[in-house]
Amino acid sequence: MKNSFFVLLLCFSLNAFTQINSLYKEQFRPRFHFSPAVNWCNDPNGLVYNNGTYHLFYQHNPFGNVWGHMTWAHATSKDLVHWKHLPVAIAEEKDTMIFSGTCVVDKNNTSGFGKNGSIPMVAVYTAHIENVNQSQHIAYSLDNGITWTKYNKNPVLDLGKKDFRDPKIFWYGPKNYWVMALMFPVEHFVQFYSSKNLKDWNHLSDFGPVGDTAAVWECPDLTQVLIEGQPGKKKWVLQTSQNVSMQYFVGEFDGKTFTNENPVNKIVRPDYGPDYYAAIAWNQLPAAHLPTAIGWINNWKYANDIPTTPWKGAMSLPRTMSVKKIKNDWVLLQKPVDALKTLRSNPIEIKNTGVTSKRSLSRKTQQLEMLLSFEPSAANSGVRLAVGNNSYFEIGYDAIKQTVYIDRSKTEQTGFNKNFSSLSRFEAPVSLKSKKMQLHIFYDHSIVEVFVNDGEVVLTAQLFSSESNSGIELFSNGGRSTIVFLKMWDIKSIW
Ligand code: FRU
């Protein structure tokens, strides 16, 4: 009896040990993107910076690996690269789930939640009662976001609607008040409100419907960013999410109304791939810090079915945001944060080399960063990742259509959901710079993020290829292309 007890204990401990030891080494697990240790995640929530710490809250199911029981989970980082998991922050209660929202540090205690000089962190989120109501609630924390108290006079904004969600709040200095952007998903517009105390909200204006109205609008984000090449000059970027993809508008916000300065009939996207959604920017970054956003890597068309376990869903690399005028349009420029460079190791470099048909690199890996500048061929040319077993993921420039594209149709495991296999090729128009195409690629096991021409276009996609498909291949169809330079690094795991 005693012996069998010890055998059982040993088996149990060994099992726990192997589980801990294999965590963040599972098949398809991203090694340098944030993902929860276990269970489901979707939208980033409550991004706020305080005293050297970046907070990331996110939509999470603490009880399973599919969407449900929505709760705010919590992680923090000192550098936007390495993350520490913290206990669940704001939990679902009875029939009310905690949907997306944002967070601020209420330094002047405008809410009155601070006690004895302590500074409260205040979260505004949508309380969701399935098929009945969505209203805006607040909660506060006096210990840096670890424990939260729900306001006893919630809701702070309830229009009695079934769809009315995803508050983004921020401090608007010139008018000395808080602003909230909120979504009317079905009607396709953003509504703006103001408040002096985060509790009483006054309607300011509406923006929309405009642009992509093919699906419900979710998760508005309004952020002020610098204009590239015009020191000190700024514009406002409004991002919205349309169930499966995002769009952005660039213009002015005067504390009341947002005015779009881009052509009304032109749809522009922060990401032209299938897997970037619900992105929002950090609140209250230090003055010299570039505005920085993060998005959920997945797509509602197949999100619940992706073949990853014991987790589902990840966050994009944090991206800095600025804008630039190209011809008559304001273009959002996004770049991976500089701190990611600390993960680089084992560089390799190739210069001035022609490619006809294809050419394999000697390095094999599913965990890399690549800077590639090439003069394209007359048809399609670029680079393939996850090469092996007759499969690959292709990133290329199509000289005939003058587009950059990603194509996952030839990767393994596309059949787990028919929407995944049909959503396989994505493209965006781009211009060559001095006849060259510039790609900045991050490949992390099941995630590819491609920043094109200094971030004018970004494409993000998931793929689910075997670990052994780790070849890298340059290709050129329709004649020769020239690699002006290629630099590549292995990227260390952050876990
Ligand atoms: C966007 C979204 C939000 C909602 C949350 C629920 O992905 O649908 O509109 O608040 O996810 O998890």
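Note that the structure is a prediction, hence the values are computed from the model and not measured.

**Some details on the side chain of N453**
Working step 1: By the secondary structure assignment, N453 is in the loop between strand 30 (447–452) and strand 31 (457–462).
Working step 2: Using a relative accessible area of 2% as the deciding quantity, one classes N453 as buried.
Working step 3: Residues contacting N453, with those up to four places away along its chain left out, are V430, S431, K433, M437 and Q438.

**Looking at the pattern of salt bridges**
Working step 1: Applying the stated rule across the entire model yields 26 salt bridges.
Working step 2: Residues K335 and E228 are paired through a salt bridge, measuring 3.3 Å at the closest nitrogen-oxygen approach. On the criterion of sequence distance, the pair formed by K335 in strand 22 (residues 329–336) and E228 in the loop between strand 13 (218–227) and strand 14 (234–241) is long-range, its members being 107 residues apart.
Working step 3: Here E261 ties to K235 by a salt bridge, and the two come within 3.0 Å at their closest N and O atoms. Taken as a pair, E261 in the loop between strand 16 (258–260) and strand 17 (277–281) and K235 in strand 14 lie far apart in primary sequence, 26 residues in all.
Working step 4: With a relative accessible area of 10%, K235 lands in the buried category.

**Focus on the packing of aromatic side chains**
Working step 1: Applying the stated rule across the entire model yields 36 aromatic pairs.
Working step 2: Between W83 and W282, the aromatic rings sit 6.4 Å apart at their centres with planes inclined by 15°, giving stacked as the arrangement. Taken together, the residues span a long stretch of sequence, with W83 in the loop between strand 3 (71–77) and strand 4 (84–90) and W282 in the loop between strand 17 and strand 18 (292–297) at a distance of 199 residues.
Working step 3: Judged by relative accessible area, which is 6%, W282 ranks as buried.
Working step 4: Both rings, one in F113 and one in Y151, keep their centres 5.5 Å apart while their planes meet at 70°; by these two values the pair is edge-to-face. A residue pair is termed long-range when its members are at least 10 positions apart, and F113 in the loop between strand 5 (97–105) and strand 6 (121–129) and Y151 in the loop between strand 8 (149–150) and strand 9 (165–172) qualify at 38 residues. The two residues F113 and Y151 agree in class, both being buried.
Working step 5: Each residue in the set Y24, F34, Y49, Y54, Y58, W83, W282 and W495 is aromatic and connected to the rest through ring pairs, giving one cluster.

**Looking at the nonpolar core**
Working step 1: Formed by 49 residues in total, the largest nonpolar core has its most connected members in M370, I395, L439, I441, V448, V452 and L486.
Working step 2: A total of five residues in this core trace back to one element, the largest contributor, which is strand 32 (residues 471–491).
Working step 3: Mapped onto the domain boundaries, this core takes at least three residues apiece from domain 1 (2–17 + 28–336) and domain 2 (338–491).
Working step 4: Ignoring sequence-local partners within four residues, the contact set of M370 consists of L361, V383, L439, H440, I441, I472, L486, K487 and M488.
Working step 5: Counting 28 residues, the second-largest nonpolar core is a separate cluster that includes L47, V81, M315 and L317.

**Looking at the site of the ligand**
Working step 1: Surveying the vicinity of the ligand reveals 13 residues, the closest of which are D43, Q59, R165, D166 and E218.
Working step 2: Within the side chain of W67, an N or O atom sits 3.0 Å from an oxygen atom of the ligand.
Working step 3: R165 places a side-chain nitrogen or oxygen 2.8 Å from an oxygen atom of the ligand.
Working step 4: Here the ligand loses 96% of its free accessible area of 320 Å² to cover by the protein chains.
Working step 5: Every element with two or more residues in the shell around the ligand is listed here: strand 1 (39–50), strand 5, strand 9 and strand 13.
Working step 6: Residues that form the shell around the ligand fall into these classes: six nonpolar, three polar and four charged.

About the cut-offs
Each chain carries its own residue numbering, running from 1 in the written order of its sequence. pLDDT decides what is reported in this predicted model: residues at 70 or higher carry local features, side-chain atom pairs at 80 or more are listed and counted, and totals for whole chains, interfaces and linings draw on all residues regardless. Processing note: side-chain calculations cover all non-hydrogen atoms of the structure and skip hydrogens and water entirely. In this description a helix means any DSSP run of H or I spanning at least four residues, a strand means any run of E spanning at least two, and both kinds are numbered starting from the N terminus. Here's how the labels work: a residue is buried when its accessible area is under 20% of the maximum for its type, exposed when over 50%, partly exposed in between, all with a 1.4 Å probe on protein chains only. In this description, contact between two residues means that some pair of their heavy atoms is separated by no more than 4.5 Å. What makes a salt bridge here is a side-chain nitrogen of Lys or Arg within 4 Å of a carboxyl oxygen of Asp or Glu, nothing more. Stacked, tilted and edge-to-face are the three classes applied to pairs of Phe, Tyr and Trp rings, where Trp contributes its six-membered ring and a pair requires centres within 6.5 Å; stacked means planes under 30 degrees apart, edge-to-face means over 60, and tilted covers the rest. By nonpolar core is meant a set of buried Ala, Val, Leu, Ile, Met, Phe, Trp, Tyr and Cys residues that side-chain atoms within 4.5 Å join together. Domain start and end points were adopted from an automatic or database domain assignment. One heavy atom within 4 Å of a molecule or strand makes the whole residue count as near it. Throughout this description, a polar contact denotes any pair of N or O atoms lying within 3.5 Å of each other; where both atoms belong to protein, one of them has to be capable of donating a hydrogen while the other can accept it, and for residues adjacent in sequence the pair is counted only when both atoms sit in side chains. Per-residue accessibility takes into account occlusion by the displayed protein chains alone, with areas from the Shrake-Rupley method and a 1.4 Å probe. Nonpolar residues are Ala, Val, Leu, Ile, Met, Phe, Trp, Tyr, Cys and Pro. Charged residues are Asp, Glu, Lys and Arg, and all others, Gly as well, are polar.

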